[in-house]
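Survey of secondary and tertiary structure
Chain by chain, the residues:
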Amino acid sequence: MTIVVENLLRARSGPMTSELVLHPAQFGLGRVPARVRPLGTVRSTCGFCATGCGLKVHLGADGAAINVSPDTDYPVNLGMACPKGWEALTPLRARDRATMPLVRDPSADRLVPTSWPTAIATFVSRMKAIQARHGNEAIAFLSTGQIPTEEMAFLGALFKFGMGGLHCDSNTRQCMATAHVAYKQSFGFDAPPYTYRDFEESDVMFFVGANPAIAHPILWQRVMRNPHRPEIVVIDPRRTETAMAATRHVAIAPKGDLWLFYGIAHELIAHGAVDERFIASHTSGYAELETFLADYSPEVCAEPSGVPASTIRELATLIERGRAVSFWWTMGVNQGHESTRVAQSLINLALMTGNIGRPGTGANSITGQCNAMGSRLFANVTSLFGGRAFDKQADREEVASILEVPEQVIPSRASWAYDQIIDGIESGAIRGLWVIATNPAHSWINHGRFRALREKLEVLVVQDMYATSETARTADLVLPAAGWGEKTGTFINSERRISVISKVARAPGEALSDFAIFRLIADAWGRGELFRRWSSPEAVFGLLKELSRGRPCDFSGVESYEHLARLGGIQWPCRGEDAEAIDAAHHERLRRPSSPLEGASRENSGERRLFADGRFFTSDGRARFHFSPPQPPPERPDEAFPFWLNTGRGSSAQWHTGSRTNKSDVLRKLAPTQLYVEIAVEDAGRLAIESGERVAVSSRRGRVEAEALVTSTVRPGQVFMPMHFDGVNTLTLPAFDPHSRQPSYKAAAVRVQKFER
Ligand SMILES: Nc1nc2c(c(=O)[nH]1)N[C@H]1C(S)=C(S)[C@@H](COP(=O)(O)OP(=O)(O)OC[C@H]3O[C@@H](n4cnc5c(=O)[nH]c(N)nc54)[C@H](O)[C@@H]3O)O[C@H]1N2
Ligand SMILES: Nc1nc2c(c(=O)[nH]1)N[C@H]1C(S)=C(S)[C@@H](COP(=O)(O)OP(=O)(O)OC[C@H]3O[C@@H](n4cnc5c(=O)[nH]c(N)nc54)[C@H](O)[C@@H]3O)O[C@H]1N2
Ligand code: SF4
Ligand SMILES: [Mo]
C-alpha cells in the first residue's frame, strides 16, 4: 500500500504536460504541422459550466501554468470567456486547499492530518464494517457533474461492481434529472438534439426558466450573434438580465408553465398550425394529445399561468410564423414539482410544429455543470453505462463482456435517488456516506435536515479540493483531491461535445486526482484484479468508447485525447465511419481564412444536430407525446407565509456554493458579498423595508437574515434569493417531481420581516 502511494506521489511530480501540448498553428492559424511538439501552450476546457469553453493555458519555463486565455479557434466560445473562465487557475492556488488526508480525532472532535495509507485503510475498514453489520447496501455515495467522465465511470464501477454497493446518486439529480427523464421518455434516449450554431440560426427563440446572460454567458453571446433579427421570448417570473435583453418577457406565475404551454399547444391546433406530415411520419400519441388539449383553451390557461389569453395567442402566432423555432430551457423548468411534464410540454411543441432536426430548431435543455452530460451517460448511477438499464439482463451481459467482469457483480436493480438516500439515512438504512465533489450541506434542498442527519451517519467521508466546505467540515474523513487543471480526462458539454481537460498544474501537498484515489481504494478493497484495465484516464476512455459503441452516444470513432484536442472537441455520435468526415470538416474550417469570430458559423463546420432524418431512438423510431393534467404546487403562499420564494444564480462570477469562486479576489469583487433578498418595490413599501436594510426571511422550515434589495425585477408577492450563500436551502421545500425526483428549488412559501434582534 505504502509503495503504491509513493509511486502515485512520485508520478505526480513527473512531466505535467503530456501529449496534449500542441503547436499554436494547430489552433487555427492555418498551417497544421505534421508533428506535435511542446511549446508552452496547452488546450483545455473550462471546468465550470456546461457551455464547455475552450481555454488555452499558458505555461512558464518550469512547465507550470501561468495564466489562461480563451481559445480563439474553439468552435464553442470563439475566443470569448466569462469571468470564471478567465479566473480558472485561481481556485487551485487557494490557501485552504486540502493538502493532506484528514481524519476526525474523536477525543478533540476535530480533523487532524494523517497519511494516505492510514486514510485509505480507515475508509476501507469503516465502510466494510458497516456492510458486515448492516448489509452491503448500508453504504452510499453522492457525487457530481464536475469531474471528468473517466473518474465518474471509475467511481460508479468501483462502488457497484467492486464494493458491492447499490445506492448512489449525484448532484446531477438537483440539476439535470428532469431533462434526462423527459428526453428518455420522449426520444427514447437522453439526447439533447442541438448544436450551438442553432442559437445563431433561429428566428424565434423561447428561453424558459433560463437566465443564460448570467448562467451561460458565452451561449448568450452566441444568441447575440444571430443575424436573423430573432424574436427572443423569455418566460420567467423575474425580469432577469436575459429578459431585459430579450424582445419579449412573459412574467409567468411561479410554476404556471404547464398551463401556458398547453394553452399555446391548444391554440396551435385550433389554428391548424401544426405540421401534420411530420406528426404522421415521426411521432406517436398525437391523437391522445389532441383530445387532452381540447380542455386547455387560452381562456382556461390564463389565470393559472398568470399570462393573459391574448398573450398566449400571440406566442402561438410567433411559433406559427417562425421559420426556425427553438425552445431552450434550464432550471426554471427542471426544478419543479411537475418538471418532467413541463419539459415535455416544450418537446411536444417542437414535435407538433416540426421544429426539430433542422438548423435553428429543437427542444433544447441547456446543461448546468461542466460534465453533467458525462454523468448522465457514464456515471453508472441512475442508468447502467451508456444509457443502458440495470434491470435488463441483455444490457448487463453486454457491459460485463465489454468490461471483462463477471455479470453477477452488476446489480439488477436501480439505486435509490438522492432524496431516498437522505431518507435512508434518517431511517437507519444508510450508515456510511461518501461525498465526492459536491457540497450537499449547502446545496441540498431543506438542508437544515441534512445537518441533523449527520449525527445519524456512522461515517461520513468527503473527497474535495478543500476541507472548508460546509460538508467537509463535518466529515469523519477528508480525502484531498486534485481539481480541474491538476489532472486529465474528458468532459461532455451541452451540445454533446466531448473535449479534453489537461493537467497544467501540480496538486498541492499530497492531494491526489480522484482517479488515483479510486485506484487506491480499488486495490485496498481487494478489487485490484477486477479493475486491472482501469489503469489511467486514457485507458478508461478506451473502455468508455467500447461501452458507447452501437449506442446513440457512440463515440467509438474518436481516436485519442490528442484527436479531441486537435479538433476542438468532437460531438457524439462519432462512429468510426463518421470520423473521416468530421476531420475533413475541421480542416476545411481551418483552411479558409477569416476572422476567428466567424470560425464556427461557416457551413460544413463539422457541427451536427440529431434527428435530421426524423428517426428517434425509440423502438419504432417515433418520438412520443407525454402529458398529464397540471397539479397545484405542494406549498403556496398563504397568510402566514405570503411570498413565493424563488432561488437561483445571482451573478456570472459566483459558482454554486462558492467553494471555488470565493477564492478569487477578482470574482469576489464582481459579486455581492452577502446574502440578499430581492423584493418588489410595492411589497417593500408596504412593509416599510428599505434597500440595504437587514430583514428576516422565514419559511415553515427555517429562518435566515438577509439584506433587502428593493427592485422592480421581481413581481409583488415574490422574492428571489441567490443560492450562493449558505442558509437559502434552510428555507426551501423538499418537494420532488414524481418522474425525475428532481427537487423543486424554486417555489416555497416564505415571510419577510424587518429584522429585529
Ligand atoms: N455564474 C454561474 N453560472 C452557472 C452556475 C452558477 O452557479 N453560477 N451554475 C450552473 C448550473 S449547475 C446550472 S444548473 C445552470 C442554471 O442556469 P439557469 O437555470 O439559467 O439559472 P437559475 O437562476 O437557477 O434559474 C433560471 C431561472 O428560472 C426562473 N424560474 C424560477 N421559477 C420559475 C418558474 O416556475 N417558471 C419559469 N419559467 N421560470 C422560473 C428563475 O427566476 C431564474 O431566472 O447554471 C450554470 N451556470
Ligand atoms: N436553492 C437552490 N439550491 C440549489 C440550486 C438552486 O437553483 N437553488 N441549484 C442546484 C443545482 S442545479 C446544482 S448543480 C447544485 C450544485 O451544488 P454543489 O454540487 O453542492 O455545489 P458546488 O459548490 O459546485 O460543489 C462542488 C464541490 O466539489 C469540489 N470540487 C470541485 N472540483 C473537484 C474535483 O475535481 N474533485 C473533487 N473531489 N472535488 C471537487 C468543490 O470544492 C465543491 O466543494 O446546487 C443545487 N442547489
Ligand atoms: S461560460 Fe461557462 S464554460 Fe465558458 S468560461 Fe464561463 S464558466 Fe467557463
Ligand atoms: Mo446545476
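Here, every reference points to the structure presented above.
What comes next concerns the included structure. (Residues numbered from 1 in each chain as written. Chains lettered and ligands numbered in written order. Predicted model: local features only at pLDDT ≥ 70, side-chain atom pairs only at ≥ 80, totals over all residues. Heavy atoms only, no water.)

Regarding the site of ligand 3
Within the structure, ligand 3 sits among Cys 46, Phe 48, Cys 49, Thr 51, Gly 52, Cys 53, Cys 82, Lys 84, Gly 85, Pro 217 and Ile 218. For the shell around ligand 3, the per-class residue count stands at 7 nonpolar, 3 polar and 1 charged. (Near = heavy atom within 4 Å. Nonpolar A, V, L, I, M, F, W, Y, C, P; charged D, E, K, R; others polar.)

Section: helix α18 (residues 393-403)
In an α-helix, one turn spans 3.6 residues; hence positions three or four apart end up facing the same way. For α18, every residue scored as buried is listed here: Asp 395, Arg 396, Val 399, Ala 400, Ile 402 and Leu 403. Angularly, the buried residues of α18 cover 165 degrees about the axis, an arc narrow enough to put them on a single face. Exposed residues pointing more than 90 degrees away from the buried face of α18 are listed as Ala 394 and Ser 401. Next to the buried residues of α18 lie α4 (149-162) and α23 (537-548). (Buried < 20%, exposed > 50% of the residue type's maximum accessible area, 1.4 Å probe, protein only. Helix = DSSP H or I, 4+ residues; strand = E, 2+ residues; numbered from the N terminus. Arc of directions from axis to C-beta. Contact = heavy atoms within 4.5 Å.)

Some remarks on the site of ligand 2
As a matter of local geometry, ligand 2 sits amid 34 residues, with Asn 171, Ser 443, Asp 464, Asp 514 and Thr 657 nearest to it. For ligand 2, an oxygen atom lies 3.4 Å from a polar atom in the backbone of Ala 482. The contact in question runs from a nitrogen atom of ligand 2 to an N or O atom on the side chain of Asp 514, over 2.7 Å. When isolated, ligand 2 has an accessible area of 920 Å², and the protein chains bury 99% of it. Mapped onto the shell around ligand 2, the elements with two or more residues apiece are β15 (459-464), β21 (643-648) and α28 (728-731). A class-by-class count of the residues in the shell around ligand 2 yields 12 nonpolar, 16 polar and 6 charged. Counting contributing residues, the shell around ligand 2 receives three or more from each of domain 2 (102-175 + 373-534) and domain 4 (643-754). (Polar contact = N/O pair within 3.5 Å; in protein donor to acceptor, adjacent residues only side chain to side chain. Areas by Shrake-Rupley, 256 points an atom, 1.4 Å probe, with all protein chains shown as cover. Domains from an automatic or database assignment.)

A short note on unusual backbone geometry
Looking along the chain, the bond that leaves Trp 572 and enters Pro 573 is cis, with omega of 0 degrees. Positionally, Pro 573 belongs in the loop between β19 (570-571) and α25 (576-591). Its identity is not glycine, yet Glu 404 carries a phi of approximately 55 degrees, on the positive side. Positionally, Glu 404 belongs in the loop between α18 and α19 (418-427). Although it is not a glycine, Ala 437 sits at a positive phi angle of roughly 55 degrees. On the secondary structure map, Ala 437 appears in the loop between β14 (432-436) and α20 (440-443). The exposure class assigned to Ala 437 is partly exposed, which follows from its relative accessible area of 21%.

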